[in-house]
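A closer look at the structure
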Amino acid sequence: MDAPLQRTIIEPFRIKSVEPLRFTTRGQREAALAAAGHNLFALRSQDVLIDLLTDSGTGAMSAEQWAAMMRGDESYAGSSSFERFEGVVHELTGLRHVIPTHQGRAAERILFTEAVGAGDVVPSNSHFDTTRANIEYQGAEALDLLCAEGRDMESEAPFKGDMDVEALEAAFERHGRERIPLVMVTITNNSGGGQPVSLANLRATRAVCDRHGIPLILDACRFAENAWFVVEREEGHADRSPREVAEEAFRLADGCTISLKKDGFGNIGGVLALNDGELARRCRNLLILTEGFPTYGGLAGRDLEALAQGLLEVTDPDYLRYRVRTAEYLAERAWSAGVPTVRPAGGHAVYLDAKAMLPHIPAHQYPAHALACELYLEGGVRGVEIGTLMFGRPTDTGEDDPAANELVRLALPRRVYTQSHVDYVGEVIAAVAARKEQIRGYRIVDQPPALRHFTAVLEPLAG
Ligand code: F0G
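Residues numbered from 1 in each chain as written. Predicted model: local features only at pLDDT ≥ 70, side-chain atom pairs only at ≥ 80, totals over all residues. Heavy atoms only, no water.

1. What about the pairing of strand 12 (residues 407-411)?
For strand 12, the buried fraction is high: 5 of the 5 residues fall into the buried class. Of the two faces of strand 12, the one lined by L407, R409 and A411 and the one lined by V408 and L410 are each fully buried. Where strand 9 (residues 349-353) lies against strand 12, 5 bridges are found, and the strand directions are antiparallel. The residue bridging Y351 from the neighbouring strand is R409, located in strand 12. Pairing between strand 11 (residues 384-386) and strand 12: 3 bridges, direction antiparallel. (Buried < 20%, exposed > 50% of the residue type's maximum accessible area, 1.4 Å probe, protein only. Helix = DSSP H or I, 4+ residues; strand = E, 2+ residues; numbered from the N terminus. Pairing = 2+ DSSP bridges.)

2. A word on unusual backbone geometry
Cis geometry marks the peptide bond from I187 to T188, where omega comes out at -25°. Backbone torsion omega between R343 and P344 reads -20°, so that peptide bond is classified as cis. Positive phi, close to 50°, is recorded for H38, a residue that is not glycine. Relative to the helices and strands, H38 resides in the loop between helix 1 (26-35) and strand 1 (50-51). Not every positive phi belongs to a glycine, and Y366 is a case in point at roughly 55°. With respect to the element layout, Y366 can be found in the loop between helix 14 (354-357) and helix 15 (367-379).

3. Describing the site of the ligand
Around the ligand, the structure places 17 residues, and the nearest of them are T54, R105, N190, S259 and K262. In this structure, an oxygen atom belonging to the ligand sits 2.7 Å away from a side-chain N or O atom of R105. In isolation the ligand has 470 Å² of accessible area, and contact with the protein removes 93% of it. For the shell around the ligand, a count of residues per class yields 2 nonpolar, 8 polar and 7 charged. (Near = heavy atom within 4 Å. Polar contact = N/O pair within 3.5 Å; in protein donor to acceptor, adjacent residues only side chain to side chain. Areas by Shrake-Rupley, 256 points an atom, 1.4 Å probe, with all protein chains shown as cover. Nonpolar A, V, L, I, M, F, W, Y, C, P; charged D, E, K, R; others polar.)

4. A short note on the packing of aromatic side chains
Applying the stated rule across the entire model yields 7 aromatic pairs. Plain terms: the ring middles of F223 and F250 are 5.4 Å apart, the flat faces sit at 55° to each other, and that makes the pair tilted. Note that F223 is positioned in helix 9 (residues 223-233) and F250 in helix 10 (residues 242-251), a separation of 27 residues in sequence. Looking at F250, the relative accessible area reads 1%, which means it is buried. Site record: aromatic cluster; members linked through ring pairs are F13, F265, Y319 and Y322. Looking at R343, its charged tip hangs above the ring of W335, at a distance of 3.8 Å from the centre. The ring of F265 has R415 sitting right over it, with the charged end atom 3.5 Å from the ring centre. (Phe/Tyr/Trp six-rings, centres within 6.5 Å; stacked < 30°, edge-to-face > 60°. Lys NZ or Arg CZ within 6 Å of the ring centre and 35° of its normal.)

5. Describing the nonpolar core
By size, the foremost hydrophobic cluster in this structure holds 106 residues, and its most contacted members are F223, L352 and L375. Top contributing element to this core by residue count: helix 13 (residues 317-336), with 9 residues. Each of two domains, domain 1 (26-55 + 316-460) and domain 2 (63-313), supplies a minimum of three residues to this core. Look past the residues within four positions of L375 in its chain and what remains in contact with it is L352, G380, V381, V408, L410, V428, I429 and V432. With 20 residues, the next largest nonpolar core counts I99, V122, I217 and L279 among its residues. (Core = buried A, V, L, I, M, F, W, Y, C linked by side-chain atoms within 4.5 Å. Domains from an automatic or database assignment. Contact = heavy atoms within 4.5 Å.)

6. Focus on the pattern of salt bridges
The final tally for this structure, using the stated rule, is 34 salt bridges. R84 is the salt-bridge partner of E305, the closest N and O atoms lying 3.0 Å from each other. Taken together, the residues span a long stretch of sequence, with E305 in helix 12 (residues 301-313) and R84 in helix 3 (residues 80-93) at a distance of 221 residues. Residue R84 is classed as partly exposed on the basis of its relative accessible area of 26%. Put simply, R282 and E114 hold a salt bridge, and the shortest N to O gap is 3.2 Å. With R282 in helix 11 (residues 277-290) and E114 in helix 4 (residues 104-115), this pair connects stretches of sequence that are 168 residues apart. Among the charged side chains, a network of salt bridges with common partners joins D55, R222, E225, D263, R323 and R414. (Salt bridge = Lys/Arg side-chain N within 4 Å of Asp/Glu carboxyl O.)

7. Regarding the domain arrangement of the protein chain
Domains assigned within the protein chain are domain 1 (26-55 + 316-460) and domain 2 (63-313). A separation of 27 Å is found between the C-alpha centroids of domain 1 and domain 2. Counting residues at the interface gives 24 residues for domain 1, matched by 26 residues for domain 2. Between domain 1 and domain 2 lies a buried interface of about 2100 Å² when both sides are counted; carbon and sulfur atoms form 55% of it. For the pair domain 1 and domain 2, the number of links is 6 salt bridges. Between D263 and R414 there is a salt bridge whose closest N-O contact spans 3.0 Å. Taken together, the elements giving at least two residues each to the side of domain 1 that touches domain 2 come down to helix 13, strand 9 and strand 12. Per-element tally for the side of domain 1 that touches domain 2: the top contributor is helix 13, with 6 residues. (Buried area = accessible area lost by both parts, 1.4 Å probe.)

Structure follows, in C-alpha cells:
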C-alpha cells in the first residue's frame, strides 16, 4: 500500500475518548517541583502536562482492545482468554510454551531463577536495568557487548543496537560455555537509545550460540519498532511487512521475555515464551508460587484479551511509520534548536545530550537532571534523567563518579499525544535551549543506598 503523503505527520487513528490535561502556571510548577524535592518521580501526574517519563504501560488502547476486555474470561483455570493470548503469542513467536506474567521483570526473574546460577555470565547487546538486576540477584554477571557504533552517540549507523559478535565469541572463549547458560539480545536496545538490531546480526548471534549449543533469548519489549527499522533500513527487507520480519526475528531465538506494556499495547502484562519443555515446566512451577496459575500468571482474563488484540495491532505498518517518524521529528526539532541528541532517533524515545548542551555543569551537579527539571518548569514536560543521578556513585570526595553519558530521555507513550503536543514539546526544548547558559546544577540533599534516582531529594545550586 502507498504510504500516505506525510509532510504533516498524521496519526493513523481518530479519538473516541479523551482525558483532560491540566494546565499550570510557572509558579505552580515551581511550587510542585520544590514540594517534590526537585525529583521528577515525586511529582503528581496531575501537575504534569505532557508526560514523557516512560513509554511503558502508558499507551492508549484501541476500541477493539476495549471491546475484547468485555470478553475477558475470568476463570481461574483454563480460561478462553488465555487460549486466545497463547494462540496470538505462539503465532507471532513460533515458541511452544507461553507463560503469562504481570510484567516484563517477572518473566525475567522466573527465567533467571531457573536458568542462571551463581558465577554464570549472561552476555547481551545491552541489558536493561531490571534484566541486569535480576541476573546479578542470582550471583551472575550481566555482560554488555554492544557494537562499537552503538557506543558512539553521534554515529548515524543504521543498527546501533547490534551485538558485537566477535566479542561474544571471545566471551565464550574466556568464560567457557559451561558458565554461559544463555545469550540475550534486547530489541530495540532501550539502554542504548532505542536503537535497532538487524536480522543479519541476530542471525550471526544465533550462529555463535549454535556453535556452543547455548540458547538465544530475546528481550523483545519493542519487537515491532525493531521490525519496522529492519524494513526501512536493512538491505533486502524493504518489501516485507513488519509482521513477517518480527516473526522471523522470534524464530531465530529459543525463547523470549517481553514486557507487553510496550509493543503489547498494554497498561500491564508480560510474557515468557520458551521452546525448551523441561525449562518451561520448571518456570511454570515457579510462576504458580509467585505469580499465579499458568493460564493467567498474575493477569486478569480481560488483560490477556487486551494484550492478544494489542499484539495483532502493533505491527500495522501505518502505525509503525507514524510512530517512528514522530520520534525522528521530535529529534529534528531538538537539533534545529541546537540541542544535540543520540543519533539517529530511537523508536520509542528521543535522548537529549545534556553533557554537550550544558558543558558548564559538571557531572556531579547532574546536568541531565538540571535539563529535565528545566523542561518541566518551562512547559510541564516530564522526561527522565539517564546520567550521573541514575548511575553515578557517591565517593569520599563528595563528587560522584560520573556516568558515561548525561541524557534526558523523552519517551513517547503509544497513541497518546498528538502531533501538536509533539510540536509543543519542541517549543519547550527550544525555549530552554535559548537560556541554557543560565541553567544551574543541583546537589543531592538526601539519597537512599541503591536506585537513588527514584527517591533522592535535591536542591538547586545558587546561580
Ligand atoms: N526490558 C526492557 C528493554 C525494558 O525497557 C523494560 C522496561 C523491561 C525489560 C522491564 O519490563 O517494566 O514490564 O517489568 N522498561 C521501562 C522503561 C520501565 O521505562 O524503559 P517491565
